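Structure assessment
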Amino acid sequence: MAAAEIDIKYVAHLARISITVDEESKLAAQLGGILGYIEKLKELDVTKVEPTAHAVPMVNVTRPDEVRPSLPHEDALRNAPKQAGGLFMVPKIVE
Amino acid sequence: MLNQLTISKLAAKLAGREVSAREAMQSCLDQIERVDGNIHAFISHDAADALAQADAADKDISAGVQKPLLGIPIAIKDVLAVKNQPLNCGSKILGKFISPYDAAAIEKLKSAGAIVFGRLNMDEFAMGSSTENSAFGVTRNPWDTMRIPGGSSGGSAAAVAADECIASLGTDTGGSIRQPAALCGCVGLKPTYGRISRYGLVAFASSLDQIGPFTKDVHDSATLLGVLSGVDLRDSTSVPQPVPNYIAALDGKIKGLKLGLPKEYMIGGLDAEVKAAVDAAVKKFQNLGAEIVEISLPHTDYAVATYYIIATAEASANLARFDGIRYGARIDGNDPTELYSRTRGAGFGAEVKRRIILGTYVLSSGYYDAYYLRAQKVRTLIRNDFLRAFETVDAIVTPTSPTAAFKIGEKSNDPLQMYLSDIFTISCNLAGICGISIPCGFTKSPKLPIGLQLLGKPFGEEMLLKAAHAYEQNTLWHQEKPPV
C-alpha cells in the first residue's frame, strides 16, 4: 500500500514552524520515503492487541497536594526574551 | 595520568591522599585543552567553577568526609539541567538559556560528591545517531577524527573515550547511550525505564527517554547506577523499586547463566568484522560457563518503523514548549502565531523540523489511528516478544550497532539510512527494558571499536552488570586507548 500524500505546508503550519519553499520540497521527498517505510506496520494484524503508552504501566501516581517551595518568580523570568512588570511580554492577542 | 583513571581507581587515590581532587580535575582540563580542538566533545566548560568544586571536595576529603563520588570529575550531556550553567540541547533555539535548577540526576551526583562540569555535545534535542545534527558543530570519534562518534550522546562517549573526564552522563531514547559507547569503545548503560528520575531532563520522547552513565569499565557503571537510581516525586514515571547494591552483583559468577541469541539480529546489513567480534564474545561467554540459547524476537523488523512514529509523535508535543515566549531566542511577529512559526523555523535544525512535522502528521486528525495507535499496538507486540524471551533466558546478547563508526557526512543526507543504523538498540526502549554496551573488539583497518550489547529484564540491571563484568574481567578490550 502506498503512503498517503503529506501536505507539508499544512502540517508545518499545524506544528507552527515556518519553512522555505526549498525546505518544503526536500521534506516532501524525505517524509514520503519515511512514510513509505512505515507502511510496513500494516502487514501486522493488531485487531486484538492493546496499545502500550508506557512500558512500565503505573496508574494514578499522585503526591500529597501540599504547598512546597518552588522556583522564585525572578528565576522563572530570568530566561525570558521579553518581560515587563514581572510578566512575560507577548504580541497583542485580542484586538 | 589522572584523567585516564576509572572512578574506582581515582577514588582510591583520593581517599589515600595520594592525589588531590584539584590535580585530578586539572588533569582532565589539560586533556580537554590538548585534544578537544580536534574532538569537540564539549560545547563549553567552566574551568574556574570545576576547580572551585575540586577545592571544596579536597576540603571534605581532609575533613574525613566519605562519599561515593567525592572529587570525581563527571561531565554532562547538554540536555540535563545544571543550576547556573548553560542548557542548549545542541540547539540554537534555547539562546542564552541558563538553568535555574538542578536535574534530579545532577542533585544525586552532587550529593555523592562529584565535580559536575561541562556541557557535552549532542544531536539537537537528542535526535540523531551521529552528533552531526548539533548547532554547535560535529563531534569527532577519538579513534578516527574523520568519523562520527555515534549519537545522540556523541560528546558524552567521545569525552570518556578521550579521557577528557572520568565518566559522563548521557540519555538514551533509541540507543543514544549504547550506540556511541560502542562506536567510541566505552561502557554505556541504559537503565530500565523509570529507574532514574527524568526531572530536569529536557524531554524528547517521554515514554522512551532514560538517563544513564558512560564509563571506562563496568564497575564504574554499577557505581554510577547506584548513585543515580531511585524514585522521585517530581517524575511520576520513576518507579518505586528498591535500589540494590549493584557492586555486590559483580561477583564473576555466570556459570549456568542463560544468554539468548536472537536469530532476527543476524541481518544482511551486519558488518562481517562486527559479526566475527560478537561471535567470539558469545564463545567467550560459553567458555565462562554461560549457556547460549537461540531465541526469536519475531517483531524485530517492525521496531524502527514503530519507533519513528512514537518518538516523533511524543517529540512534536514535547517540543511545543519552545515557542519563544518564556525562554530562549525569539523572532518577533505581528501576532503570536507568526512569532511562534518564525522563532521555531529559525531556531530548529533540519532533523528536528523533520521529526516534529512527521510527529504532527501521525497525530493529526484522520491519521491518528492508522499511524500512532497502530504503532502503540505494535509496541505491545515488541514488548511481549522480550517478556516471552525472558521466560527462558537471563539476558540477550546482540551487536550494539550493525557497523563500526561511519564517516562524517556518509549518512547525513539520507535520514532513513541513519534511522536504520539504530536497528539493534531501538527495541529496548520500546519494551522499557535495560541494556548495556561494552567493548568486544576492533575492526582491523582502520582500527575502530566494536560494541557488544546485553539486554536485561525490566529492573534486571544486576544480572546485566554481572554478565558484562564477568566478560570484561576476561578480556582486555576496555583497556585500549584511542590515538588522541
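What counts and how
Residues numbered from 1 in each chain as written. Chains lettered and ligands numbered in written order. Predicted model: local features only at pLDDT ≥ 70, side-chain atom pairs only at ≥ 80, totals over all residues. Helix = DSSP H or I, 4+ residues; strand = E, 2+ residues; numbered from the N terminus. Rg over C-alpha atoms; globule rule 2.2 N^0.38 Å. Buried ≥ 20, exposed ≤ 12 C-beta atoms within 10 Å, placed from the backbone. Contact = placed C-beta atoms within 7 Å. Nonpolar A, V, L, I, M, F, W, Y, C, P; charged D, E, K, R; others polar. Pairing = 2+ DSSP bridges. Axes fitted to C-alpha atoms, helices over the stretch in contact; angles between N-to-C directions. Core = buried A, V, L, I, M, F, W, Y, C linked by C-beta atoms within 7 Å. Right-handed = clockwise from strand over helix to strand, strands pointing away. Expected span 1.5 Å × (residues − 1). Parallel < 35°, antiparallel > 145°, perpendicular 65-115°, else oblique. Left-handed = near helix turned anticlockwise from the far one by under 90°. pLDDT = per-residue confidence, 0-100.

The next point concerns the overall build of chain B. Helices and strands together make up the secondary structure of chain B, namely 15 helices and 11 strands. The globule rule puts the C-alpha radius of gyration for 484 residues at 23 Å, and the 21 Å found for chain B is close to it. Taking the principal axes of its C-alpha atoms as reference, chain B extends roughly 65 × 55 × 45 Å. When the 484 residues of chain B are sorted by exposure, 62% land in the buried category.

Before going further, it helps to examine the interface of chain A and chain B. The partner chain B presents 59 residues to the 42 residues of chain A that form the contact. Elements with a contribution of two residues or more to the side of chain A that touches chain B: α1 (8-14) and α2 (21-38) of chain A. Across the side of chain A that touches chain B, the residue classes tally to 29 nonpolar, 6 polar and 7 charged.

Okay, the sheet that holds strand β1 (residues 42-44) of chain B next. Residue and element names in this part refer to chain B. As summarised here, the arrangement of the 11 strands in space is β1-β3-β2-β4-β6-β5-β10-β11-β9-β7-β8, forming an open sheet in which the pairing is mixed. The sheet is open, and its two borders are formed by β1 and β8 (291-295), each paired with just one other strand. Strand after strand, the sheet turns through a mean of 35 degrees between neighbouring axes, direction not considered. Strand direction decides the pairing type here: strand β2 (residues 73-77) and strand β4 (residues 167-172), joined by 3 bridges, are parallel. Across the sheet, residue I76 finds its bridge partner in β4, namely L169. Across the sheet, helix α2 (residues 21-39) is in contact with β1, β2 and β3 (115-120); its angle to β2 comes to roughly 45 degrees.

Residue and element names in this part refer to chain B. Counting buried residues along strand β9 (residues 395-399), 5 of its 5 residues qualify, which places the element largely inside the surrounding structure. Across 2 bridges, the pairing between strand β7 (residues 258-262) and β9 is parallel. Bridge assignment links G260 to a residue of β9, and that residue is I396. Looking at chain direction, β9 and strand β11 (residues 449-456) are connected through 5 bridges and run antiparallel. In the sheet register, A395 faces β11, and the bridge partner there is G456.

Ranked by internal contacts, the top residues of the largest apolar core, which has 171 residues, are I74, L80, A105, I115, I309 and I357 of chain B. With residues near it in sequence (within four places) discarded, I309 of chain B still touches I38 of chain A together with V362, Y371, Y372 and A375 of chain B.

For the rest of this paragraph, the subject is the pairing of β8 of chain B. Residues and elements named next belong to chain B. In this structure, β7 lies alongside β8, joined through 5 bridges in parallel fashion. Across the sheet, the residue bridging to L259 is I292, located in β8. With helix α8 (residues 272-287) bridging β7 and its parallel neighbour β8, the resulting β-α-β unit is right-handed.

A few words on helix α11 (residues 350-363) of chain B. Taking 1.5 Å per residue, 14 residues should reach 20 Å; α11 of chain B reaches 20 Å between its end C-alpha atoms and fits that length. Among the 14 residues in α11 of chain B, 11 count as buried, and that is most of the element. Within the span of α11 of chain B, buried status applies to V352, K353, R354, R355, I356, I357, L358, G359, T360, Y361 and V362 of chain B. Turning to α11 of chain B, the residues buried within the fold contact α1 and α2 of chain A together with α9 (303-318), α12 (369-389) and α13 (415-420) of chain B.

Time to look at the packing of α9 of chain B against α12 of chain B. Packed helices, taken two at a time, are described by the angle between their axes plus the distance between the axes. All names here are of chain B. Interaxial distance between α9 and α12 falls to 9 Å at its minimum, and their mutual angle equals 125 degrees. Put simply, α9 runs oblique to α12. Helix-helix and strand crossings are classified by hand; for α9 and α12 the assignment is left-handed. Along the contact surface, α9 presents A303, T306, I309, I310 and A313, while α12 presents Y371, Y372, A375, Q376, V378, R379 and I382.

Here we take up the packing of α2 of chain B against helix α3 (residues 47-62) of chain B. Residue and element names in this part refer to chain B. Remark: α2 packs on α3, axes separated minimally by 7 Å, with the N-to-C direction vectors making an angle of 155 degrees. Put simply, α2 runs roughly antiparallel to α3. At the point where α2 passes α3, the crossing takes the right-handed sense. Two secondary-structure elements touch here, α2 through A21, R22, M25 and L29 and α3 through A47, A50, L51, A54, D55, A57, D58 and I61. Residue composition of the contact of α2 with α3, by class: 9 nonpolar, no polar and 3 charged.

Here we take up the environment of Q417 of chain B. All names here are of chain B. Assignment of secondary structure puts Q417 in helix α13. The partly exposed category is assigned to Q417, around which 15 C-beta atoms lie within 10 Å. Once the C-alpha coordinates of Q417 and S20 are considered, the two residues, 397 residues apart in sequence, prove to be 47 Å apart.

Glancing now at the confidence of the model for chain A. Taken over all residues, the pLDDT of chain A has a mean of 90, while the share at 70 or more is 96%. Looking across chain A, the model is least confident in α2 of chain A, with a mean pLDDT of 93, and most confident in α1 of chain A, with 96.

Moving on, we get to unusual backbone geometry. All names here are of chain B. The peptide bond linking G151 to S152 adopts the cis configuration, its omega dihedral lying at 10 degrees. Tracing the sequence through the fold places S152 in the loop between β3 and α5 (154-161). Here the amide bond leading from S445 into P446 is cis, since omega sits at 0 degrees, within 30 degrees of zero. Position of P446 among the secondary structure elements: in the loop between β10 (434-442) and β11. Of note, the phi angle at R17 is positive, near 60 degrees, even though the residue is not glycine. With respect to the helices and strands, R17 occurs in the loop between α1 (7-15) and α2. A tally of 10 C-beta atoms within 10 Å means that R17 is categorised as exposed. Even without being a glycine, D163 presents a positive backbone phi close to 60 degrees. For D163, the location among the structural elements is in the loop between α5 and β4.

This next bit is on the environment of I356 of chain B. Here I356 of chain B shows up in helix α11. On the neighbour-count criterion, I356 of chain B (28 C-beta atoms within 10 Å) is buried. I356 of chain B sits 22 residues away from V378 of chain B along the chain, and the two C-alpha atoms are 21 Å apart. Leaving out residues up to four positions away in the same chain, I356 of chain B has contacts with A15 and I17 of chain A together with A315, S316 and L319 of chain B.

What follows concerns helix α4 (residues 104-111) of chain B. Residue and element names in this part refer to chain B. What α4 keeps buried is the set A104, A105, I106, K108 and L109. In this fold, the buried residues of α4 make contact with β2, β3, β4, β6 (210-215) and α7 (218-228). At the C-terminal side of α4, G113 shows a positive phi close to 95 degrees.

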